[in-house]
Amino acid sequence: MAQENPTYQTPPASIMQLADYHRAPQVSIDTKKENMLLIYRSTYKSLDDLNQPEMSLGGLRINPLTNIASATNYINNLKVRKVMATEPVQVKGLPENPRIAFIAWSPDETKIAFTNTAANGVELWVLDLASAQAWKLTDAVVNANLGNPFNWYRDNKHLLVRFLLKDKPELIDPKRELPAGPTVSVSDGSKSQNRTYPDLLKNASDETNFVILTTSELFTVDLNAIATKFKEADMYVTESFSPDGNYLLVTTFQKPFSYIVPLNRFPQITTVYDLKGKKVKTVNEVPLSEVLPKGFMAVRRGKRSMNWRADQPATLFYVEALDGGDPQTQAEYRDAIYLWKAPFAENPTLLTKTIQRFSHLVWGNETVAIVQDEWYDTRNEKTYLINPSQPKINPKIITDRNFQDVYSDPGSFETWKNEYGKYVLAIENNRLFLIGEGHTQKGQFPFIDELNLNTLKTKRLYQSAYTDKMEEIFDIEDYEKGEALVRIQSKNEYPNYYFRNFRQKNALTQVTHFSNPFESIKDVYKEVIKYKRADGVELSGTLYLPVGYDRTKKEKLPLLIWAYPAEYKDKNSAGQSTANPNEFTFPYYGSFVYWVTRGYAVLDDAAFPIIGEGKTEPNDNFIEQLVSNAKAAIDAVDSLGYINRSKVAVGGHSYGAFMTANLLTHCNLFACGIARSGAYNRTLTPFGFQSEQRNYWDTPEVYNTMSPFMTADKMKTPLLLVHGEADNNPGTFTLQTERYFQALKGLGAPARLVILPKEQHSYVARENILHLLWEQDQFLEKYLK
């Protein structure tokens, strides 16, 4: 039969019981450890949520009726709680059927601002934490089309808000507008190797609509809902107050626009204003950036990454490439970082230079800051200690490492709020603090270190010792007492927050008490297994066996493998594991874990490294490594005696779908496969994909060999193809799956194509997700059982 038109189905009861659960709230705690905000969302969106007006412009997807991103994941309730209390308090005064977004604490953490999307647009609201009372500050006049539409003033009494124009022009209907002529794009001979971006501007009507939807006026709104105009209409991109609150950094879009790159590469002007809206200085002008050199380390010329220095009242910093932004250009230093003090009468001053491409900067105080640079081709990352007050002193290298080497990860520097309410390095007694995930050969043991700024030596203050639980360390709450906010979980205990005193043994205070919504699989057997592929690379995956499975009798089960390939430049990093057997078992549509309730063994997150050492690139032997990874995984589970190796399925999403199609084509290890939202013809992504920097014309044999579309005539194994109808991920347009299915069908391969209505790259609607689980179950039962 050519087509089926089924109504929405639901999966079997054992899967439905797990899929149909209530999501626990998200937690946000103030820096004083006094108040907690509990943020509630629905487990899924509905199909009706997706069935809304939408305009795709310059990389945006906007609801033109409500003036907010159409994919916004709304919050539907808020509660507050004293951190050391037990029962939360329902926030009073919330709108009926709230659709909340963009939550932001005030600088003094006594209030929280948020938006509510009503039927006719976006409103601004505020919540007083002490009284748990919320009230509306504006009608549906807020413009959230370019993201977060408001900022708190430093006085905690006012907000700067983007308003829609009162006389906003009517949008053009591109389907009804009669064009004045053809659309013409021109190549002037400059190389412009851009990826396949989605939702670009296509014509003059799109340009007009883009201007209409992104144009706002800036208003100051006080807590009594009185609004005063601050700046006239413009295409405002970002607004940021200086730490002392006396200046405002504003970036706006300019013309000309582009039909080949998204809005973040449109021309921009950045200007500093005082609090009366008077222009102080234009500090940056960025032209249209359609042309960039090739490579992941390519950047545009001119000032970039401009922002306020967090530890100074009003000083800007920015980065500028010293190699013209071209990774192919040899240079002693790649980037320079500059400082520019308000009111910008004097020229910027050089702070430091980086050997590699600048990636990150954390301010501390007058004499301490941390700078990081990186280089993708070598996977190298360097961390430097600099003295901002003495720029002529060479930076001191703290770490120089392979950023894919998770076992050597020193952790992230801890920050706290300074007198300006900005996050800066936490410095106590000339020491910095690092919080690390703590992955090791023997398991995961998160830690807290202190770094001596004189010796650059670290001292371990705390390391988790759990072998039957998993601990995550979020931040240090009290440095003197030694208290940290942590989250503890086990494979059958839902993650909950605690305060841990790391200076006192076993000193834990529980903060939340969320229960396990997946009781039916709490006794599932779970183990991280480690094994090697033929060339000696160490691999791992998380093995699940059904409740009650007798591991001594060893009944032969069908096996499901879920994976996603990752590229590495060395075997050591590729062989490291971040899997933790004590992580809470959280089934969701992005894995096969549900099917442990249906009598399957599941190997989840199986390692599929693709390695290219030295001058060899990972994709030069992509297929061979894929097959070797797959064989090693099956051999490992088979050696335990649990599976029937003639009944093995493989699945993956996005690049994992690409992997699945290639495995079914190039080996006979699998009885069937499930490929979701993938790309199958790499000639349609000719200027790079995933971690491939070379273009199609550099290495056509790699692109062609890796493309399962090119070898569709060899694919004879049953394949379930799934794709979202509205996929907007670069490179995985829905057309990829449609054309691959047409090829398979035309060549007689056993395949089934399911297009999920209204879905983008990730699936969110309850109806679609439950039907997807039904489709997968039907398919697996047919071909594996």
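Since this is a predicted model, take the numbers as computed values, not measurements.

Draft legend 1. Structural detail: the nonpolar core. One finds Tyr531, Ile561, Leu603, Leu663, Phe670 and Tyr740 to be the most contacted residues of the largest nonpolar core, which totals 59 residues. Per-element tally for this core: the top contributor is helix α5 (residues 622-639), with nine residues. If you look at the next biggest cluster of nonpolar residues, it comprises 48 residues, including Phe518, Ile521, Tyr544 and Val754.

Draft legend 2. Structural detail: the packing of α5 against helix α6 (residues 655-666). Put simply, α5 and α6 touch, their axes get as near as 10 Å, and they point 85° apart. Between α5 and α6, the angle falls in the class roughly perpendicular. The residues of α6 that touch α5, namely those facing Phe622, Ile623, Leu626, Val627 and Ala630, are Tyr655, Phe658, Met659, Asn662, Leu663 and His666.

Draft legend 3. Quick look at the pattern of salt bridges. Counted by the stated rule, this structure contains 36 salt bridges. A salt bridge links aspartate 323 to arginine 357, with the shortest nitrogen-to-oxygen separation between them at 3.0 Å. Pair noted here: aspartate 323 is in the loop between β21 (315-321) and β22 (335-341) and arginine 357 is in strand β24 (residues 357-365), with a separation of 34 residues, a long-range link. A salt bridge links arginine 500 to glutamate 471, with the shortest nitrogen-to-oxygen separation between them at 2.7 Å. Of this pair, arginine 500 sits in strand β38 (residues 493-501) while glutamate 471 is found in strand β36 (residues 470-478), placing the two residues 29 residues apart along the sequence. We classify glutamate 471 as buried; its relative accessible area is 1%.

Draft legend 4. Representation of the sheet that holds strand β15 (residues 227-234). Strand order in the open sheet formed by four strands is β12-β13-β14-β15, and the pairing between neighbours is antiparallel. The open sheet terminates on both sides in strands that have one partner only, identified here as β12 (150-152) and β15. On average, each strand axis in the sheet is tilted by 15° relative to the strand beside it, whichever way the strands run. In the sheet, β12 pairs with strand β13 (residues 158-163) via three bridges, with the strands oriented antiparallel. Counted as the bridge partner of asparagine 151 is leucine 160 from β13.

Draft legend 5. Region of interest: the sheet that holds strand β6 (residues 77-82). One open sheet holds the four strands; their spatial order is β1-β2-β6-β7, and the pairing between them is antiparallel. Of all strands in the sheet, those with a lone pairing partner are β1 (26-29) and β7 (89-90), marking the two edges. Two strands pair when backbone bridges link them, and β6 and β7 are joined in this way by two bridges, in the antiparallel orientation. For lysine 79, the partnering residue across the bridge sits in β7 and is glutamine 90.

Draft legend 6. Representation of helix α8 (residues 734-746) within the structure. Given a rise of 1.5 Å per residue, 13 residues ought to cover 18 Å, and the 19 Å separating the end C-alpha atoms of α8 matches this to within 8%. The secondary structure elements touched by the buried residues of α8 are α6, β48 (719-724) and β49 (751-756). Of the residues trailing α8, glycine 748 is marked for its positive phi of about 85°.

Draft legend 7. Molecular detail of unusual backbone geometry. For the bond running from lysine 255 to proline 256, omega is 5°, close enough to zero to count as cis. A cis geometry characterises the amide bond from alanine 342 onward to proline 343, with omega recorded as 10°. One can find proline 343 in the loop between β22 and β23 (349-354). Even without being glycine, serine 677 reaches a positive phi, approximately 55°. Along the chain, the position of serine 677 falls in the loop between β47 (672-676) and α7 (700-706).

Draft legend 8. Representation of the pairing of β36 in the model. Note that β36 and strand β37 (residues 483-490) share seven bridges and pair antiparallel. Each residue of the ladder has a partner; that of aspartate 475, found in β37, is leucine 485. Linking two consecutive strands that pair antiparallel, namely β36 and β37, is a turn of four residues; a positive phi of about 80° is found at glycine 482 within it.

Draft legend 9. Region of interest: the state of the cysteines. Counted according to the given criterion, the structure contains zero disulfides. Among the cysteines around cysteine 667, which has no disulfide bond, cysteine 672 carries the closest sulfur, lying 13 Å off.

Draft legend 10. Quick peek at the environment of phenylalanine 296. As for its placement among the helices and strands, phenylalanine 296 is situated in the loop between β19 (279-286) and β20 (303-308). For phenylalanine 296, a relative accessible area of 30% corresponds to the partly exposed category. Expressed as a C-alpha distance, the spacing of phenylalanine 296 and glutamine 510, which sit 214 residues apart in the sequence, is 44 Å. Apart from residues no more than four positions distant in its own chain, phenylalanine 296 is found in contact with Arg195, Tyr376, Gln690, Ser691, Glu692 and Gln693.

Draft legend 11. Expanded view of the pairing of strand β35 (residues 458-463). Bridge count between strand β34 (residues 447-452) and β35: five bridges; the pairing is antiparallel. Paired with aspartate 449 across the bridge in β35 is arginine 460. Where β34 folds back on β35, the antiparallel hairpin that results is connected by five residues, among which leucine 456 adopts a positive phi of roughly 60°.

Draft legend 12. Local environment of the packing of aromatic side chains. Applying the stated criterion across every chain, the model contains 40 aromatic pairs. A ring pair is formed by phenylalanine 518 and phenylalanine 586, whose centres lie 5.1 Å apart and whose planes are at 65°; its orientation type is edge-to-face. Of the two residues, phenylalanine 518 is situated in the loop between β39 (507-510) and β40 (525-532) and phenylalanine 586 in the loop between α4 (571-574) and β44 (601-606); the sequence distance between them amounts to 68 residues. Relative to tyrosine 589, the ring of tyrosine 588 lies with its centre 5.9 Å away and its plane at 75°, an arrangement referred to as edge-to-face. One residue, lysine 303, lies across the ring of tyrosine 318, its end atom 5.6 Å from the ring centre. Above the ring of phenylalanine 447, the side-chain terminus of arginine 460 is found at 4.0 Å from the ring centroid.

Draft legend 13. Structural context of the side chain of glutamate 759. Inspection of the secondary structure puts glutamate 759 in the loop between β49 and α9 (766-784). Although buried, glutamate 759 forms no salt bridge, and the nearest oppositely charged side chain, lysine 45, lies 8.2 Å from it. For glutamate 759, the side chain forms a polar contact with the main-chain nitrogen of alanine 765, separated by 3.0 Å. Apart from residues no more than four positions distant in its own chain, glutamate 759 is found in contact with Leu50, Gly724, Glu725, Ala726, Asp727, Val764, Ala765 and Asn768.

Rules behind the numbers
- Residues numbered from 1 in each chain as written.
- Predicted model: local features only at pLDDT ≥ 70, side-chain atom pairs only at ≥ 80, totals over all residues.
- Heavy atoms only, no water.
- Core = buried A, V, L, I, M, F, W, Y, C linked by side-chain atoms within 4.5 Å.
- Buried < 20%, exposed > 50% of the residue type's maximum accessible area, 1.4 Å probe, protein only.
- Helix = DSSP H or I, 4+ residues; strand = E, 2+ residues; numbered from the N terminus.
- Axes fitted to C-alpha atoms, helices over the stretch in contact; angles between N-to-C directions.
- Parallel < 35°, antiparallel > 145°, perpendicular 65-115°, else oblique.
- Contact = heavy atoms within 4.5 Å.
- Salt bridge = Lys/Arg side-chain N within 4 Å of Asp/Glu carboxyl O.
- Pairing = 2+ DSSP bridges.
- Expected span 1.5 Å × (residues − 1).
- Disulfide = S-S within 2.5 Å.
- Phe/Tyr/Trp six-rings, centres within 6.5 Å; stacked < 30°, edge-to-face > 60°.
- Lys NZ or Arg CZ within 6 Å of the ring centre and 35° of its normal.
- Lys, Arg positive; Asp, Glu negative; His and termini not counted.
- Polar contact = N/O pair within 3.5 Å; in protein donor to acceptor, adjacent residues only side chain to side chain.

Geometric values such as these leave the question of function open.
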